[in-house]
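Listed here are the chains, written in short residue letters.
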Amino acid sequence: QILDYDLVTRVQSEMNDTKVFRGYYDPRFIGSSQHEDATYTLTEREAPTASEALKSIRADIRYFKWRNGVVGHTTVIWSASVEPNCPFCTDGGGADTALGLLQLIEMTEEERGGPLPPSLIY
């Protein structure tokens, strides 16, 4: 869901004071002109697989909640450019249920038949 502009302006100062966590990055899913701008990302050593990226992101969310005293729901704001279509995102592609998505994430890229777009990890 795209946030309404008025909502963004109301929370802008608070968001500017919020620690930004490094994101999951796969250069296969962005345009070549955007590679230089992708600088605040998990390294391939930290997140060599989609599964490791998910673990890292979950740890960041737990840390954020603990540090800020958040109990209950947390909203993650993920922003990126448009990703190409993904065969796993279509009906019957495997990512059409939460369980199916988690199973795809746990598979190696070879087992699943290709990479997962970073947006699916979030």
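Keep in mind that what you see is a predicted model, and the values were worked out from it rather than measured.

Calculation rules
- Residues numbered from 1 in each chain as written.
- Predicted model: local features only at pLDDT ≥ 70, side-chain atom pairs only at ≥ 80, totals over all residues.
- Heavy atoms only, no water.
- Helix = DSSP H or I, 4+ residues; strand = E, 2+ residues; numbered from the N terminus.
- Buried < 20%, exposed > 50% of the residue type's maximum accessible area, 1.4 Å probe, protein only.
- Contact = heavy atoms within 4.5 Å.
- Areas by Shrake-Rupley, 256 points an atom, 1.4 Å probe, with all protein chains shown as cover.
- Lys, Arg positive; Asp, Glu negative; His and termini not counted.
- Charge placed at Lys NZ, Arg CZ, Asp CG, Glu CD.
- Salt bridge = Lys/Arg side-chain N within 4 Å of Asp/Glu carboxyl O.
- Core = buried A, V, L, I, M, F, W, Y, C linked by side-chain atoms within 4.5 Å.
- Expected span 1.5 Å × (residues − 1).
- Polar contact = N/O pair within 3.5 Å; in protein donor to acceptor, adjacent residues only side chain to side chain.
- Axes fitted to C-alpha atoms, helices over the stretch in contact; angles between N-to-C directions.
- Nonpolar A, V, L, I, M, F, W, Y, C, P; charged D, E, K, R; others polar.

What follows deals with the overall build of the protein. Counting its regular elements, the protein contains five helices and zero strands. If you list the helices and strands of the protein from N to C, you get α-α-α-α-α. Principal-axis analysis of the C-alpha atoms places the extent of the protein at approximately 45 × 35 × 30 Å. Here the protein, with 122 residues, has 22% of them falling under the buried criterion. Put simply, of all contacts in the protein between residues at least 6 apart along the chain, 59% involve residues at least 24 apart. If you sum the accessible surface of the protein, you get close to 9100 Å²; carbon and sulfur atoms cover 53% of it. Counting 11 positive and 18 negative side-chain charges, the protein places the averaged centre of each group 9 Å from the other.

We now examine the pattern of salt bridges. Considering all chains together, one arrives at four salt bridges under this definition. Arginine 28 is paired through a salt bridge with aspartate 26; the nearest N and O atoms lie 2.8 Å apart. Given the relative accessible area of 48%, arginine 28 is considered partly exposed. Arginine 28 serves as the salt-bridge partner of glutamate 109, at 2.7 Å between the closest nitrogen and oxygen. You can see glutamate 109 sitting in helix α4 (residues 109-112) and its partner arginine 28 sitting in the loop between α1 (5-16) and α2 (50-68), a full 81 residues away along the chain. By relative accessible area, glutamate 109 is classed as partly exposed at 29%.

The next subject is the nonpolar core. In terms of nonpolar packing, the biggest core is built from 15 residues, with Tyr24, Ala50, Ile105, Leu116 and Ile121 touching the most fellow members. Put simply, the parts of the chain that give this core at least two residues each are α2, α3 (98-106) and α5 (118-121). Non-local contacts of isoleucine 105, meaning those with residues more than four positions away in its chain, are made with Ala50, Ser51, Leu54, Arg112, Leu116, Leu120 and Ile121.

This part covers α1. When the terminal C-alpha atoms of α1 are compared, their 16 Å separation across twelve residues agrees well with the 16 Å that a helix rising 1.5 Å per residue should span. Measuring from the side-chain oxygen of the N-cap residue of α1 to the backbone nitrogen of aspartate 6 gives 3.1 Å; that N-cap residue is aspartate 4.

This part covers the packing of α2 against α3. Relative to each other, α2 and α3 sit at 115 degrees, their axes nearing to 7 Å. The residues of α3 that touch α2, namely those facing Ala50, Ser51, Leu54 and Arg58, are Leu102, Ile105 and Glu106. Partitioning the contact of α2 with α3 into residue classes produces four nonpolar, one polar and two charged.

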